[in-house]
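Coordinate analysis (summary)
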Amino acid sequence: MNAMDTPEARELSYAEAIREAMDIALESDPRVVLMGEDIGVYGGAFQVTGDLVHKYGTDRVMDTPISELGGAGVAVGAALTGLRPIFEFQFSDFAALAMEQIVNQAAKLRYMLGGAVSVPLVMRFPAGSGTGAAAQHSQSIEAWLAHVPGLKVVQPSTPEDAKGLLLAALEDPDPVMIFEHKILYKSKGLVPAGHYTTPIGKAAIRRAGTDLTIVATSIMVHKALAAAETLAAEGIEAEVIDLRTVRPMDRETVLASVRKTGRLLCVYEGVKTLGVGAEVSAMVAESDAFDFLDAPIVRLGGAECPIPYNPDLEKAVVPQVPGILDAARALAKGRI
Amino acid sequence: MPDTANSDTNLPYALRAYSREDLVGALRKMFLIRKFEEGAEDSYTRGLIHGTMHLSIGQEASAVGSCMSLTDADKITSTHRGHGHCVAKNADLGRMFAEFFGKETGYCRGRGGSMHIADVEKGNLGANGIVGGGLPIAVGAALTAKRLGTGAVTICFFGDGANNEGAFHEALNMASVWKLPVVFVCENNKYGMSTSIERSTSVKNIADRAVAYSMPGVTVDGNDFSAVTEAVDAAVARARAGEGPSLVENLTYRWRGHSKSDRNRYRTKEEIAEWMERDPIRRMADLLVSHDILSEAEVGALEAETEQEIRDAIAFANQSPAPLIEDATRFVYTEEMA
Ligand SMILES: Cc1ncc(C[n+]2csc(CCOP(=O)(O)OP(=O)(O)O)c2C)c(N)n1
Ligand SMILES: [Mg+2]
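First, a word on what this report is: a plain description of the structure on this page. The residue count restarts for each chain, going from 1 along the sequence in the order it is written. As a convention, the first chain written is A and the first ligand written is 1, with the rest following in written order. Local features are withheld for residues below a pLDDT of 70 in this predicted model, meaning they are given only at 70 or higher, and side-chain atom pairs are given and counted only at 80 or more; totals for whole chains, interfaces and linings count all residues. Side-chain numbers come from the whole structure's heavy atoms, not from hydrogens or water.

1. Side note on unusual backbone geometry
With an omega of -5°, the peptide bond between Arg247(A) and Pro248(A) qualifies as cis. Mapped onto the secondary structure, Pro248(A) falls in the loop between strand 12 (245–247) and helix 9 (251–261). A positive phi angle is found at Gln47(A), which is not glycine, with a value near 55°. Labels follow the DSSP assignment, with helices taken as runs of H or I lasting at least four residues and strands as runs of E lasting at least two, numbered in each case from the N terminus. Assignment of secondary structure puts Gln47(A) in the loop between strand 2 (32–36) and helix 2 (52–56). Accessible area is worked out with a 1.4 Å probe on protein chains only. A residue is then buried under 20% of its type maximum, exposed over 50%, and partly exposed in between. Its relative accessible area of 25% is what places Gln47(A) among the partly exposed residues. For Asn264(B), which is not a glycine, the phi torsion comes out positive at approximately 50°. Within the element layout of this structure, Asn264(B) appears in the loop between strand 7 (246–251) and helix 10 (269–277). The partly exposed category is assigned to Asn264(B), whose relative accessible area is 27%.

2. Brief notes about the pairing of strand 14 (residues 298–302) of chain A
Residues and elements named next belong to chain A. Pairing between strand 13 (residues 264–271) and strand 14: four bridges, direction parallel. By the bridge assignment for strand 14, Leu-265 is matched with Val-298. The crossover handedness rule: strands pointing away from the viewer, path from first strand over the helix to second strand clockwise, crossover right-handed. Handedness of the crossover joining strand 13 and strand 14 through helix 10 (residues 276–285) is recorded here as right-handed. At least two DSSP bridges between two strands are needed for those strands to be called paired.

3. Quick notes on the pairing of strand 7 (residues 176–181) of chain A
All names here are of chain A. Taking burial as the measure, the six residues of strand 7 include six buried ones, the bulk of the element. Burial of strand 7 is two-sided: the residues Val-176, Ile-178 and Glu-180 facing one way and the residues Met-177, Phe-179 and His-181 facing the other way are all buried. Pairing analysis gives six bridges linking strand 5 (residues 122–127) to strand 7, with the strands arranged parallel. Among the inter-strand pairings, Val-122 is bridged to a residue of strand 7, identified as Val-176. Where strand 6 (residues 152–154) lies against strand 7, three bridges are found, and the strand directions are parallel. Bridged to Lys-152 within strand 7 is Val-176. Once you follow strand 6 into helix 7 (residues 159–171) and on to strand 7, the crossover reads as right-handed.

4. What to know about the interface of chain A and chain B
With 35 residues of chain A at the contact, the number on the chain B side is 40 residues. Once two parts are joined, some of their accessible surface, as seen by a 1.4 Å probe, is lost; buried area is that loss totalled over both. Buried area between chain A and chain B, both sides added, is near 2900 Å², and the carbon and sulfur share of it is 59%. For the chain A face of the interface with chain B, the top three residues by lost area are Tyr42(A), Ile66(A) and Tyr309(A), together amounting to 27%. Think of a salt bridge as a Lys or Arg side-chain nitrogen and an Asp or Glu carboxyl oxygen that are within 4 Å of each other. For the pair chain A and chain B, the interface holds two salt bridges. When residues of the side of chain A that touches chain B are assigned to their parent elements, the largest contribution, five residues, is made by helix 11 (residues 311–316) of chain A. It only takes one pair of heavy atoms within 4.5 Å for two residues to be counted as in contact.

5. Focus on helix 1 (residues 14–28) of chain A
In an α-helix, one full turn covers 3.6 residues, which means residues spaced three or four apart are oriented alike. Multiplying 1.5 Å by the residue count of a helix minus one yields the expected span of that helix. Compared with an ideal rise of 1.5 Å per residue, which puts 15 residues at 21 Å, helix 1 of chain A spans 21 Å between its outermost C-alpha atoms and is within 8% of the ideal. If you check which residues of helix 1 of chain A are buried, you get Tyr14(A), Ala15(A), Ala17(A), Ile18(A), Ala21(A), Met22(A), Ile24(A), Ala25(A) and Leu26(A).

6. Structural notes on the site of ligand 1
In the vicinity of ligand 1 there are 23 residues, among which Glu68(A), His80(B), Arg81(B), Gly129(B) and Gly161(B) approach most closely. Each residue is tested against the molecule or strand, and it is near if at least one of its non-hydrogen atoms lies within 4 Å. Ligand 1 sits at the junction of chains A and B, each of which supplies nearby residues. Residue Asn189(B) places a side-chain N or O atom 2.9 Å away from an oxygen atom belonging to ligand 1. In protein, a polar contact means a hydrogen-donor-capable atom and an acceptor-capable atom, both N or O and within 3.5 Å, with residues adjacent in sequence counting only if both atoms are side-chain atoms; elsewhere, any N or O pair within 3.5 Å suffices. Between ligand 1 and Tyr191(B) there is a distance of 2.9 Å, counted from an oxygen atom to a backbone nitrogen or oxygen. Here the accessible surface of atoms and residues is derived via Shrake-Rupley with a 1.4 Å probe, and residues count as covered only by protein chains that are part of the display. Contact with the protein chains covers 97% of the free accessible surface of ligand 1, which is 580 Å². Classification convention: Asp, Glu, Lys, Arg as charged; Ala, Val, Leu, Ile, Met, Phe, Trp, Tyr, Cys, Pro as nonpolar; all other residues, Gly among them, as polar. Classifying every residue of the shell around ligand 1 by side-chain character gives eight nonpolar, nine polar and six charged.

7. Quick notes on the coordination of the magnesium ion (ligand 2)
Residue and element names in this part refer to chain B. Coordination of the magnesium ion (ligand 2) by the protein involves Asp-160 (OD), Asn-189 (OD1) and Tyr-191 (O), with metal-donor separations of 2.0 to 2.1 Å. Sequence spacing among the residues donating to the magnesium ion (ligand 2) works out to D-x28-N-x1-Y. Linking Asp-160 in the loop between strand 2 (154–159) and helix 7 (166–177) with Asn-189 in the loop between strand 3 (182–188) and strand 4 (191–192), this pair joins segments that are 29 residues apart in sequence. In this structure Asp-160 comes out as buried when scored by relative accessible area, which is 2%. Listed donors are limited to N, O and S atoms within 2.8 Å of the metal, widened to 3.2 Å for Na, K and Ca; water is not among them, so incomplete-looking sites are possible.

8. Description of the packing of aromatic side chains
Note on aromatic pairs: the rings of Phe, Tyr and Trp (six-membered ring only in Trp) are paired at centre separations within 6.5 Å, and the planes decide the class, stacked below 30 degrees, edge-to-face beyond 60, tilted for the rest. Within this structure, the stated rule accounts for 15 aromatic pairs over all chains. For the pair Phe97(B) and Phe100(B), a centre-to-centre distance of 6.1 Å together with 75° between the ring planes defines the contact as edge-to-face. Of the two residues, Phe97(B) and Phe100(B) both sit in helix 5 (residues 93–100), three residues apart, roughly one turn of that helix. The pair Phe97(B) / Phe100(B) is uniform in exposure class, with both members buried. Taken together, the ring pairs connect Tyr14(A), Phe46(A), Phe91(A), Phe94(A) and Tyr185(A) into an aromatic cluster. Looking at Arg34(B), its charged tip hangs above the ring of Trp255(B), at a distance of 4.4 Å from the centre. Whether a charge sits over a ring comes down to the Lys NZ or Arg CZ being within 6 Å of the ring centre and within 35 degrees of the ring normal. The residue whose ring lies beneath Arg95(B) is Tyr107(B), and the NZ or CZ to ring-centre distance is 4.2 Å.

See below:
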């Protein structure tokens, strides 16, 4: 669905769009419960759940103790037996405390039990750097979870998709991990009213172009689009693909674009080595699209270090628009 | 170290155990913590500090009282609300502010910020961004002390919220089974962020949990300096004597919000006002004045002196250089230090 064509679309922030999706889910499905730390009267560390507790009460908008492993496990057990929990991690970094339940239980139960069960669990992870919260509150760990068969991993970049992917996750019979970028919470965009879903596993072409393909995730989509504007003024037409889902990855959209442009730049905030861009690159390199490449694939990712506190260092260790411009110009050289 | 400064058993413990110099030093540190936090808050408002911070105003007696019988050889692990612990363990205020301001002269060379300040030379193994993250680390430090026979004790600070993490339970169990020289000091300020202990915790007092790990557990008025030192000193002495771990719960209160984004929706103004009446610094000053250790005028002078120290520390931090961008990926692995 395209929000532009929808008469009842309104401008909402990314956080408001997520809240609206949860509101619709709570309203329409009694099996839905929200769980997380300080999601009740506090409204969530990033004010995403907001006032929902006042509408649905503490039985459905549950503040958990500070118990990530236990809380995640309770959500797994509840999903296994008939509830539809939406579990909020206060920061995605704290998923590290709950990896056992996410990776060994939620992801594998269906397989280990020979298909006898499924785990319709939704987890939300406020992710990314840019808030000055340093190494244990700023990571982009989507690749950790995307490495695990049994999980689906999405990274919405717009308010419309943040809502649509959350509603799609709730309809999905398997565990869906949603990485929300903290810096995007206040960003605005048109969001259709009512219930709709954004398909999991489908990338979106945000800008069409012929000279190079930029595959970006999350906040990097916006940086790539900003770079694409500047590039266009220089006569370089970049095609910007918002990957949206990291697992399962939309192979066809990426390969078709690379076949057309012959050049691939991957931009993602997670650590470059073994990150999402590594998988995108390998997918292209292993496919027939490889024959269409006119230049080596380029990846821009997070530096090989934790996120530093100092604001200038913090900016320097993740891709920024000037770096994307340099990489795109170098890549497109010979094309223009 | 406690000495037998005064053996009159009617006196509060702290006055019996510590010299005038120690006691004045303790009040001074409590003032420094308060002024440090106020300076941090002010710097934040002026945009000098990036990110968030967790202030410990109202909890000064817990930090300073708990560390009274420690030496630089003893260790502590701290929390996200750790500025007071740093000061109690004799940190340099200029380097603390420099860390806040993201400067190369800061305790973490500007890489860590408020939530990661550590002062390894003074035995402070660091604050922690992860609730409960320090608990097993403290047990590890105590294991080292026992294996190497250093005689060092570790104090593990943590909040009431942290006692619901698995790490708390696993750490206390191992410390007990291996009889390690560690003191678990819970700073119970009634809330983990917005969640009260009544809503999150199955026991009334965190100290009740000590029973499950076969160690002594006591709950004290954490805003009463003397009560804190009495309980923690006894636990430290027990640990030093090889008798194993203890749990001490200091009941206290944070006057400010959890962090800068807190709108205080989960507690009342009356509750905050009531706890502000129980100001640990005022109570410590009253104790010293009423026992003729200091005059009111001397208390005032001490406070003014600490304000100046904070101003100097902020000036040092302001004038310090920022880290170099090209050094952003240093210190990930062990390397030659320049
Ligand atoms: C593992 C983990 N979960 C959640 C958080 C977010 N968080 C930071 S401090 C805090 C409250 C901690 O409460 P408590 O232990 O009582 O310490 P206090 O803040 O009251 O000093 C929370 C939920 C975190 N930093 N780490
Ligand atoms: Mg607390």
